[in-house]
Amino acid sequence: MKLTIFGTGYVGLVTGACLAEVGHTVLCMDVDQDKVDKLRAGVIPIWEPGLEPIVERNVRDGRLRFTTDVEEAVRHAEVQFIAVGTPPDEDGSADLQYVLAVAEGIARHMPRYRVIVNKSTVPVGTADKVQARVAEILAERGEAIAFDVVSNPEFLKEGAAVGDFLKPDRIIIGTRAARAQERMRELYEPFNRNHERTQFMEVKSAELTKYAANAMLATKISFMNELANMAELLGADIEEVRRGIGADPRIGYHFIYPGCGYGGSCFPKDVQALGRTAAQIGYDAPLLRAVEAVNNRQKTMLFTKLAKHFGGTEALRGRTIALWGLAFKPNTDDMRAAPSRTLMEALWAAGARVQAFDPVAMDEARRLYGARADLALCRSKYSALEGADALAICTEWQLFRAPDFEEMASLLKAKVIVDGRNLYSPERLGADGWHYYGVGRGAA
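The numbers attached to residues start from 1 for each chain and follow its sequence in the written order. Residue-level local features of this predicted model are given only where pLDDT is at least 70; pairs of side-chain atoms are given and counted only at 80 or more, and the full residue set underlies all totals for whole chains, interfaces and linings. To get the side-chain values, all heavy atoms of the structure are used, and hydrogens and water are removed first.

Undergrad: Which residues make up the overall build of the protein, and what values go with them?
TA: For the purposes of this entry, the term helix denotes a DSSP run of H or I that reaches at least four residues, the term strand denotes a run of E that reaches at least two, and both are numbered from the N terminus. Summing up its helical and strand segments, the protein has 17 helices and 14 strands in all. Taking 2.2 N^0.38 as the reference for a compact globule, 444 residues should give roughly 22 Å; the C-alpha atoms of the protein span a radius of gyration of 24 Å, in line with that estimate. Looking at the protein alone, contacts between residues at least 24 apart form 71% of all its contacts between residues at least 6 apart. Total accessible area on the protein is roughly 19300 Å²; 51% of this is exposed by carbon and sulfur atoms. The reference for a compact globule is 2.2 Å times residues^0.38; the radius of gyration itself is calculated from the C-alpha atoms. What makes two residues a contact is simply this: any of their non-hydrogen atoms within 4.5 Å. A 1.4 Å probe and the Shrake-Rupley method give the accessible areas. Residues count as covered only by the protein chains that appear here.

Undergrad: Pulling in residues and values, what's your account of the pairing of strand β8 (residues 198–201)?
TA: Pairing analysis gives 4 bridges linking strand β7 (residues 171–174) to β8, with the strands arranged parallel. Bridge assignment links I171 to a residue of β8, and that residue is T198. Crossovers are described as right-handed under a simple rule: with the strands pointing away from the observer, the path leading from the first strand over the helix to the second runs clockwise. The parallel pair β7 and β8 is bridged by helix α8 (residues 178–187), and the resulting crossover is right-handed. Pairing between strands is defined by DSSP: at least two bridges between them are needed.

Undergrad: How would you summarise the packing of helix α5 (residues 97–109) against helix α6 (residues 126–141) if you had to cite specific residues and measurements?
TA: As a packed pair, α5 and α6 sit with axes 8 Å apart at the nearest point and diverge in direction by 35 degrees. In the packing of α5 onto α6, the handedness of the crossing is right-handed. Contacts between α5 and α6 pair V99, L100, A103, E104, A107, R108 and H109 from the former with T126, K129, V130, R133, V134, I137, L138, E140 and R141 from the latter. By the convention adopted, Pro, Cys, Tyr, Trp, Phe, Met, Ile, Leu, Val and Ala count as nonpolar, Lys, Arg, Asp and Glu as charged, and the other residues, Gly among them, as polar. Taken together, the residues of the contact of α5 with α6 break down into 8 nonpolar, 2 polar and 6 charged. Here, axes are lines fitted to C-alpha atoms. For helices the fit covers the stretch in contact, and angles between N-to-C directions go from 0 to 180 degrees. Crossing handedness follows the turn of the near helix against the far one: under a right angle anticlockwise gives a left-handed crossing, and clockwise gives a right-handed one.

Undergrad: Help me get a handle on the nonpolar core, residues and values and all.
TA: Formed by 63 residues in total, the largest nonpolar core has its most connected members in L306, I417 and Y424. Dropping the residues within four chain positions of it, I417 is found in contact with L391, I393, F405, M408, Y424, L429, W434, H435, Y436 and Y437. Take the buried Ala, Val, Leu, Ile, Met, Phe, Trp, Tyr and Cys residues and link them wherever side-chain atoms come within 4.5 Å; each set so joined is a nonpolar core. Think of it in three bands: with a 1.4 Å probe and only protein chains considered, a residue is buried below 20% of the maximum accessible area for its type, exposed above 50%, and partly exposed in between.

Undergrad: Lay out the sheet that holds strand β14 (residues 435–437) in plain terms, naming residues and giving numbers.
TA: Pairing is parallel in the open sheet, where 6 strands are placed in the order β11-β10-β9-β12-β13-β14. Pairing within the sheet leaves two strands with one partner each, and these edge strands are β11 (375–377) and β14. Geometrically, the sheet is characterised by an average inter-axis angle of 20 degrees between neighbouring strands, direction not taken into account. Strand direction decides the pairing type here: strand β9 (residues 320–324) and strand β10 (residues 353–357), joined by 5 bridges, are parallel.

Undergrad: Give me the lowdown on the side chain of T175, citing residues and values where you can.
TA: Following the sequence through the fold, T175 ends up in the loop between β7 and α8. If sequence neighbours within four positions are ignored, T175 has contacts with V150, A180, Q181, F200, M201 and V203.

Undergrad: How would you summarise the packing of helix α1 (residues 10–21) against helix α3 (residues 51–60) if you had to cite specific residues and measurements?
TA: At a minimum axis separation of 9 Å, α1 and α3 run at an interaxial angle of 55 degrees. The orientation of α1 with respect to α3, classified from their angle, is oblique. Relative to α3, the crossing made by α1 is left-handed. Only L51, I54, V55, R57 and N58 of α3 make contact with α1, whose side of the interface consists of L13, V14, A17, A20 and E21. A class-by-class count of the residues in the contact of α1 with α3 yields 7 nonpolar, 1 polar and 2 charged. The scheme is simple: roughly parallel for angles under 35 degrees, roughly antiparallel for over 145, roughly perpendicular for 65 to 115, oblique for anything else.

Undergrad: Outline a negative patch on the surface, listing residues and values.
TA: Patches here: salt-bridge-free residues with over 30% relative accessible area, like charges joined within 9 Å, nonpolar side chains (Val, Leu, Ile, Met, Phe, Trp, Tyr) joined within 5 Å. Only one rule defines a salt bridge in this text: a Lys or Arg side-chain nitrogen within 4 Å of an Asp or Glu carboxyl oxygen. Counted charges follow a simple rule, with Lys and Arg positive, Asp and Glu negative, and His plus the chain ends left uncounted. Charge positions are represented by NZ for Lys, CZ for Arg, CG for Asp and CD for Glu. Residues D404, E406, E407 and D432 make up a contiguous surface patch of negative charge. Assignment of secondary structure puts D404 in the loop between β12 (390–393) and α16 (405–411). Its relative accessible area of 36% is what places D404 among the partly exposed residues.

Undergrad: So what about α3? Which residues, and what values?
TA: Restricting attention to buried positions, one finds in α3 the residues L51, I54, V55 and N58. The buried residues of α3 occupy an angular sector of 100 degrees when the element is viewed end-on, so they sit on one face. Among the structural elements, α1, β3 (64–67) and α7 (161–166) are those in contact with the buried residues of α3. Backbone geometry just downstream of α3 places G62 in the positive-phi region, at approximately 85 degrees. The arc in question is formed by the directions pointing from the helix axis toward the C-beta atoms.

Undergrad: Before we move on, could you go through empty space enclosed by the protein and cite the residues and values that matter?
TA: A water-sized probe, rolled over the atoms, reveals where empty space remains. Here a cavity denotes grid points, spaced 1 Å and computed from the protein atoms alone, that fit a 1.4 Å probe unable to get out, and a pocket denotes an open set having protein on both sides within 12 Å along at least 5 of 7 lines; residues with an atom within 4 Å of a point are the lining. Grid points are joined across faces, edges and corners, and a volume is the space filled by probe spheres set on the points. Enumeration according to the criterion identifies 1 cavity of 30 Å³ or more in this entry. As a volume, the largest cavity reaches approximately 30 Å³. Surrounding the largest cavity, N118, S120, T121, V122, S151, P153, A206, E207 and K210 form its lining. In terms of residues, the lining of the largest cavity owes the most to one element, helix α9 (residues 203–234), which gives 3 residues.

Undergrad: Let's hear about the state of the cysteines: which residues, and what values?
TA: Here, two cysteine sulfur atoms that lie within 2.5 Å of each other are counted as a disulfide. All chains considered together, the criterion is met by 0 disulfides. Between C378, a free cysteine, and C394, which holds the nearest cysteine sulfur, the sulfur-to-sulfur gap is 15 Å. Given the relative accessible area of 11%, C378 is considered buried. The thiol sulfur of C394 is not disulfide-bonded, and the nearest other cysteine sulfur, from C260, lies at 4.7 Å.

Undergrad: Can you lay out the pairing of β10 for me, pointing to particular residues and giving the numbers?
TA: Taking burial as the measure, the 5 residues of β10 include 4 buried ones, the bulk of the element. The parallel pair β9 and β10, bridged by helix α14 (residues 339–349), forms a crossover whose chirality is right-handed. In terms of strand pairing, β10 meets β11 through 3 bridges, oriented parallel. Its bridge partner lying in β11, Q355 is registered against A376. Viewed along the sheet, the connection from β10 through helix α15 (residues 362–369) into β11 turns out right-handed.

Undergrad: Let's hear about the environment of G442: which residues, and what values?
TA: For G442, the position within the fold is in the segment after β14. The spacing of G442 and D237 is 205 residues in sequence and 7.4 Å in space, taken between C-alpha atoms. Once residues lying within four places of it in the same chain are set aside, the contact partners of G442 are E232, Y436 and Y437.

So this is what it looks like as structure tokens:
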């Protein structure tokens, strides 16, 4: 099939590349000429394992192209994906201006029937708004062209997006229109060889499914962090509790790891947006507010532990803190709403200096913060420790899991670790003379 993707950000580029990989002919459209030029030259704007070779291969073979021409994109294919950003508005609701702008562009140039697919994460009711905008523009044109609007939310984990797309656990498609269902079934046929993964449902059900999934996972994380904070005060070890409850198949082990809070482009934004949707329909959703509040508090936990260890916030002035991990999770360079940012900004406000290392997010940190005297971006995890008063860990990268503690002790001024991901054994480090502070485990 010929397919058009509007947007070459995280969702759009992964979607376009993976659909080309299974044999479709894909044209990706973006308004950013510089980004399109770079993509044509093989420069990938995001760090995602496995994506670059798929883009290169399909560009070379002619199945994947990039353009800034809206008319070309609309005329290219019957199925048009909208995969542009929906950043949070000032009130926490999703900003739909880019989604509706694409819908308008499609309506102005569509020569015949089109299936318009919302791939962006959008609030319930967005398909109705897209439908109305397209109908309005077609009326202005004096055209009576048929079209269908479909909700097809993405369920891609950063760091594993290629695998998630090529081997999905479910494909949610919101439409009751027979013609659109036929096109979508054909489109996703390569992903249903072993068993049927496609679930057709009402448009609003599909829109809500995406928000419900992310809010459910965020709730598990915040609940576990709430338990971790209680365990710390009670003298229990949350890691033992985690293993105990995870053995129950009704609970399982996924997303019950305590830590320094969730971040990224999805959970914070989607929990906020779902809460805003509840407010708009007059429904009080205290659980959603609590999930967000717990997470915001949890992001301050590393700073609080550092300040307590050194004798108060004022005692941090002039100190240097080593930081391992800048990305909000491993296998990505995404620092949006990352706990590392909350920690660094609090340390700077207290007059401390940060020496940071991350395997892939260093360029993103430079882009966000520029050159500053109180931030050193170091070449390795060990160089970040040199002369530092303590180490804080924000991201559970594999290369942080089994370090040389003797070398670490020789580089740090003091044997102090504040671990936001519970990577190490408090008993072992305590026996070796370390001050080790985990999450929900007490202090070694």
